[in-house]
Amino acid sequence: MAQSLGRNRHLIMAKVDNRPGVLSRITGLFTRRGYNIESLVTGMTVSPDVYHITVTVIGTDDDVALLARQLERCMEVIDVKCDGGDDWQFVSREMLLLRVPCQDPEKRVEILNLCALTGCRAAGVGEKSVIVEITGDEGAVSGAQRAFEVFGGLEVIHSGTVGIDMY
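What counts as what
- Residues numbered from 1 in each chain as written.
- Predicted model: local features only at pLDDT ≥ 70, side-chain atom pairs only at ≥ 80, totals over all residues.
- Heavy atoms only, no water.
- 1 Å grid on protein atoms, 1.4 Å probe; cavity = no way out; pocket = protein on both sides within 12 Å on 5 of 7 lines; lining within 4 Å.
- Points joined across faces, edges and corners; volume = space filled by probe spheres on them.
- Helix = DSSP H or I, 4+ residues; strand = E, 2+ residues; numbered from the N terminus.
- Nonpolar A, V, L, I, M, F, W, Y, C, P; charged D, E, K, R; others polar.
- Salt bridge = Lys/Arg side-chain N within 4 Å of Asp/Glu carboxyl O.
- Buried < 20%, exposed > 50% of the residue type's maximum accessible area, 1.4 Å probe, protein only.
- Expected span 1.5 Å × (residues − 1).
- Arc of directions from axis to C-beta.
- Contact = heavy atoms within 4.5 Å.
- Polar contact = N/O pair within 3.5 Å; in protein donor to acceptor, adjacent residues only side chain to side chain.
- Axes fitted to C-alpha atoms, helices over the stretch in contact; angles between N-to-C directions.
- Left-handed = near helix turned anticlockwise from the far one by under 90°.
- Pairing = 2+ DSSP bridges.

J.: Hey, could you go over the layout of surface pockets for me, with residue numbers and the actual values?
T.: Here the largest pocket defines a volume of roughly 160 Å³. Every residue lining the largest pocket is counted, 14 residues in all, and those nearest its centre are Arg9, Glu38, Glu94, His158 and Ser159. Those elements that provide at least two residues to the lining of the largest pocket are strand S2 (37-44) and helix H4 (138-148). Per-element accounting of the lining of the largest pocket gives the leading share, 4 residues, to H4. Across the lining of the largest pocket, the residue classes break down as 1 nonpolar, 8 polar and 5 charged.

Structure below.
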């Protein structure tokens, strides 16, 4: 049974040859087809000749499935998977770094307690702020972020979605 990222967000994962210009050609395909890439994460696999790309796009199931099929036709692409298939299961995660301003030691304690309650991690504690690391699926990350909004003045850095398929 396939997962869904929700809100017409779709995950496309591809294994591609590790050669100069491959990422540019792949993102060009998305652009030519009129898709805005919401997030893009890429990195090496166990083989230095193969890169793993995770792309998040917004579109209908049918449109994104067509985009994935077009991606499969690219010469440098080894394998493509799209979250619209009924037989594909995957695990995806996002990471968020929040800078929560706090000059008051009591407020700092409140932030650290909220970290413990939400399963987040204090990645750094300074005199004027706490850096909170939130990792999880889309729902967990957005829920934890909302919990910290009561402190106001947040600075947010959000990673793209990274995913791996289950065999």
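J.: Before we move on, could you go through the pattern of salt bridges and cite the residues and values that matter?
T.: Applying the stated criterion across every chain, the model contains 10 salt bridges. Glutamate 38 is the salt-bridge partner of arginine 9, the closest N and O atoms lying 2.4 Å from each other. Here the residue arginine 9 occupies a position in strand S1 (residues 9-17), and glutamate 38 occupies one in strand S2, the gap between them amounting to 29 residues. Given a relative accessible area of 5%, arginine 9 falls into the buried group.

J.: Which residues make up helix H3 (residues 105-118), and what values do they have?
T.: Taking 1.5 Å per residue, 14 residues should reach 20 Å; H3 reaches 20 Å between its end C-alpha atoms and fits that length. Taken as a whole, H3 has its buried residues at Arg108, Ile111, Leu114 and Cys115. Axial view of H3: buried residues confined to an arc of 120 degrees, hence all on one face. Exposed positions of H3 whose direction lies more than 90 degrees from the buried face are Pro105, Glu106, Ala116 and Leu117. Structurally, H3 contributes buried residues whose contacts are with strand S5 (89-101), strand S6 (121-125), strand S7 (129-136) and H4. Capping the start of H3, aspartate 104 holds a side-chain oxygen 3.0 Å from the backbone nitrogen of glutamate 106, two or three residues further along. Once H3 ends, the next one or two residues include glycine 119, with phi positive near 80 degrees.

J.: Could you give me a rundown of the packing of helix H1 (residues 22-32) against helix H2 (residues 61-72), with the residues and numbers involved?
T.: Interhelical geometry of H1 versus H2 gives an angle of 145 degrees and a closest axis separation of 11 Å. Helix-helix and strand crossings are classified by hand; for H1 and H2 the assignment is right-handed. Between H1, through Ile26, Leu29 and Phe30, and H2, the contact on the second element is made entirely by Leu67, Gln70 and Leu71. Looking at the contact of H1 with H2, its residues break down into 5 nonpolar, 1 polar and no charged.

J.: Hey, could you go over H1 for me, with residue numbers and the actual values?
T.: Of the positions making up H1, those classed as buried are Val22, Ile26, Gly28, Leu29 and Phe30. Contacts from the buried residues of H1 go to S1, S2, strand S3 (50-58), H2 and strand S4 (77-82). In the stretch just after H1, glycine 34 is the one whose phi turns positive, near 85 degrees.

J.: Give me the pairing of S7: which residues, what numbers.
T.: Sheet topology note: the S5/S7 ladder contains 8 bridges and is antiparallel. Residue pairing in the sheet places valine 100 in a bridge with valine 130 of S7. Here S6 hands over to S7 after 3 residues, the two strands then running antiparallel side by side.

In short, geometric facts, not functional conclusions.
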